[in-house]
Amino acid sequence: MTKGNRFGPGGRRKRAWRSGADYRRRRKTPPRPARFGKRSGQNPGRSNRGGWLTAALALGLVLAAAFYEDPASFGAPGFMLGDAERVTAGFAKCGRGDWTGGTACVSDGDTFRLAGRRIRVVGIDTAEKDARCPAEAMLANRSTEALLTWLNRGPFDMRAKVGEDRDKYGRDLRTISRTLPDGSTDWLADYMIEQGGARRYLGGWRGDWC
């Protein structure tokens, strides 16, 4: 029996493979791709949870800082609110001298006066009466009328956050609502956003109305 040629091109001697096992031991296997961002034995789910926890903590700190800067930006949860103060007065638009005793009147879309106090509605921001453009003047008038309408619908309740009931301007910060005949709650802030041209206020920059 004629043996096969043991030499390849160029006179190189061919490697003799004795068995399949010998071939598997000697053949070259491609290197495994490197794994980035994962150490041996590390649980990828744990890494993801850590990232979400860090993001949630950062968001909490931002919101806390905004509330500390301006407590009027957020309505406090029910368990953090004090006892309800029932208001039954009728309201008009404020004019000169309306800050004196006994008067109940609306200053603008998020502030009204009651018995010599200035009440700031928590959770919203409205256009200013000292408008810089016609669009802002229109929105300021709309929000003032909306607040006047809601306040005159009947008795309502005001609640302050325990320990933080006044802003840096001396206004009483109040979360305001009315209980409807069917037992549901009519929140003033929600009404003003839906009907009065107000914006939800989350603290910090208030934006431009023009």
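Placed above this text is the structure.
Below is a summary of the structure that appears in this document. Throughout this description, residue numbers start from 1 for each chain and increase along the sequence as written. Predicted model: local features are reported for residues with pLDDT of at least 70 only, side-chain atom pairs are reported and counted for 80 or more only, and whole-chain, interface and lining totals are derived from all residues. Note that water and hydrogens are dropped before the side-chain values are worked out from all heavy atoms of the structure.

Turning our eyes to something else, we now look at the packing of aromatic side chains. A ring pair, where both rings are aromatic, is described by two values, the distance of the centres and the angle of the planes. Only Phe, Tyr and Trp rings are paired, with Trp represented by its six-membered ring, and only when their centres lie within 6.5 Å; those with planes under 30 degrees apart are stacked, over 60 edge-to-face, the remainder tilted. Under the definition given, this model contains 4 aromatic pairs. On the numbers, 6.2 Å between centres and 35° between planes, the contact of Phe91 with Phe156 is tilted. Of the two residues, Phe91 sits in the loop between strand S1 (85-87) and strand S2 (92-93) while Phe156 sits in strand S7 (residues 156-159), which places them 65 residues apart along the sequence. By relative accessible area, Phe91 is classed as buried at 8%. Per-residue accessibility, obtained with a 1.4 Å probe over protein chains only, is compared with the maximum for each type, and a residue is labelled buried under 20%, exposed over 50%, and partly exposed between these values. In this structure Phe156 comes out as buried when scored by relative accessible area, which is 1%. A ring pair is formed by Trp150 and Phe156, whose centres lie 5.7 Å apart and whose planes are at 55°; its orientation type is tilted. Taken individually, Trp150 and Phe156 each receive the classification buried, so the pair is uniform in this respect. Under the scheme used here, helices are H or I runs from DSSP no shorter than 4 residues and strands are E runs no shorter than 2 residues, and both carry numbers assigned from the N terminus.

Let us now look at the nonpolar core. By nonpolar core is meant a set of buried Ala, Val, Leu, Ile, Met, Phe, Trp, Tyr and Cys residues that side-chain atoms within 4.5 Å join together. Ranked by internal contacts, the top residues of the largest apolar core, which has 22 residues, are Phe91, Phe112, Leu151, Phe156, Ile176 and Leu188. Counting only elements with at least two residues in this core, the list comes to strand S3 (104-106), strand S4 (111-114), strand S5 (117-121), helix H3 (134-151), S7 and helix H4 (188-195). When residues no more than four places from it in sequence are discounted, the contact partners of Leu151 are Phe91, Val106, Phe112, Phe156, Arg178 and Leu188. Here a residue-residue contact requires only that any non-hydrogen atoms of the pair lie within 4.5 Å.

Let us look at the pattern of salt bridges. Think of a salt bridge as a Lys or Arg side-chain nitrogen and an Asp or Glu carboxyl oxygen that are within 4 Å of each other. Enumeration according to the criterion identifies 11 salt bridges in this entry. As a salt-bridge pair, Asp157 and Arg86 come within 2.5 Å of each other at their nearest N and O atoms. Within this pair, whereas Asp157 is found in strand S7, its partner Arg86 is found in strand S1, the two being separated by 71 residues in sequence. A salt bridge links Asp110 to Arg120; its shortest N-O distance comes to 3.8 Å. Here Arg120 lies in strand S5 and Asp110 lies in the loop between S3 and S4, a separation of 10 residues in the sequence. Of the residues examined, Arg120 reaches a relative accessible area of 1% and is grouped as buried. Salt bridges sharing partners connect three or more residues here, namely Glu85, Arg117, Arg166, Asp172 and Arg174.

Quick look at the pairing of S7 now. Across 3 bridges, the pairing between S1 and S7 is antiparallel. Residue Val87 lies in a different strand from S7, and its bridge partner there is Phe156. As judged from the 3 bridges shared by S7 and strand S8 (residues 172-179), these two strands associate in the antiparallel manner. Bridge pairing in S8 places Met158 opposite Ile176. A pair of strands counts as paired when DSSP detects no fewer than two bridges linking them.

By the element assignment, Asp108 lies in the loop between S3 and S4. Positive charges come from Lys and Arg alone, negative charges from Asp and Glu alone, with His and the N- and C-terminal ends not counted. An unpaired buried charge is present at Asp108: no salt bridge exists, and Arg171, the closest side chain of opposite charge, is 6.0 Å distant. Two N or O atoms form a polar contact when they lie within 3.5 Å of each other; inside protein one atom must be a possible hydrogen donor and the other a possible acceptor, and for residues adjacent in sequence the pair counts only when both atoms belong to side chains. Looking at Asp108, its side chain comes within polar contact range of the main-chain nitrogen of Asp110, at 3.1 Å. Within the structure, the side chain of Asp108 is placed 3.0 Å from the backbone nitrogen of Thr111, a separation counted as a polar contact. The contacts of Asp108, once residues within four sequence positions are left out, are Glu128, Lys129, Thr144 and Leu147.

By themselves, these are just geometric observations and shouldn't be taken as functional.
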